[in-house]
Amino acid sequence: MSRLTIFACMERIRNLSVFMSLLKRYSSGLYGTTDSLLSVEDERMDQDHLRERINRLLPKVSKFMRETKYYPILAVQEPPAVGGRIWPHYDAIENIFNLSQFDIPLQIVIDYVNRAIGYYYDDLIPSFFRTINPFWWLWQLSIFIIRVPFLVLDWAGYDAAKIEQSSQGRMYKRVAGILAFIAALVAFLGSLADIINVLGLAQSLREMLFN
């Protein structure tokens with residue numbers, strides 16, 4: 001999460017909040033009272049539309065929630081009548097419409113989503129300061145530079161993730177990261193010096209013209 005700008009952080013809060021609202025509407029439609037203002041046909045169409053919207057958001061929501069420590073991987077067991085198999089790592093997000101077969105309330109997922117939203121809310125102020133910090137951007141540029149070889153390996157069909165996590169890959173990332181950050185810092189300071197020189201020349205020219 002420490003790599004997020006305030007804009008990325010706000011995007012995650014917005015998408016997760018929309019997802020949670022859709023889940024609440026979907027849940028109330030499934031388990032609400034029967035005195036709904038909608039007809040049976042309209043209610044069914046509305047549920048279908050909500051399900052479609054939830055499915056479209058699922059890949060993004062899954063990614064955003066995995067970035068937090070609040071992701072619902074549950075240990076579940078089938079009813080004995082259908083085999084009683086145990087699933088120790090059941091992904092409640094990817095299987096959100098199959099929770100009923102394990103008697104898992106949808107509210108459990110809603111609670112996890114709410115916690116993930118709070119996780120990103122806690123990062124709003126730090127992400128703001130990261131966004132306006134030029135040295136943080138230099139570090140992000142350094143991270144991108146050192147990852148270029150792994151991106152090339154991945155594009156060529158190699159297992160870049162395995163290579164990146166190897167001892168040699170981690171050592172390369174440490175050394176290359178320091179060198180890339182120093183190079184980016186030197187370039188930044190050089191550009192800053194050029195800007196200061198230009199401002200100094202402009203000030204000198206102003207003094208010559210008006211004095």
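Residues numbered from 1 in each chain as written. Predicted model: local features only at pLDDT ≥ 70, side-chain atom pairs only at ≥ 80, totals over all residues. Heavy atoms only, no water.

### What to know about the pattern of salt bridges
- One pass over the full model with this rule turns up six salt bridges.
- The partner of Arg 56 in a salt bridge is Glu 52, with the nearest N and O atoms 2.6 Å apart. In this pair, Arg 56 and Glu 52 are both assigned in helix α2 (residues 40–66), four residues apart and thus about one turn of the helix distant.
- Assessed through its relative accessible area of 64%, Arg 56 is described here as exposed.
- As a salt-bridge pair, Arg 66 and Asp 91 come within 2.9 Å of each other at their nearest N and O atoms. (Salt bridge = Lys/Arg side-chain N within 4 Å of Asp/Glu carboxyl O. Helix = DSSP H or I, 4+ residues; strand = E, 2+ residues; numbered from the N terminus. Buried < 20%, exposed > 50% of the residue type's maximum accessible area, 1.4 Å probe, protein only.)

### Some details on the pairing of strand β1 (residues 73–77)
- Every second residue of β1 is oriented toward a common face, the buried set being Leu 74 and Val 76 and the non-buried set Ile 73, Ala 75 and Gln 77.
- Taken together, the four bridges between β1 and strand β2 (residues 86–91) define a ladder with antiparallel strand orientation. Looking at β2, one finds that Gln 77 is bridged to Ile 86. (Pairing = 2+ DSSP bridges.)

Purely geometric numbers; function is a separate question.
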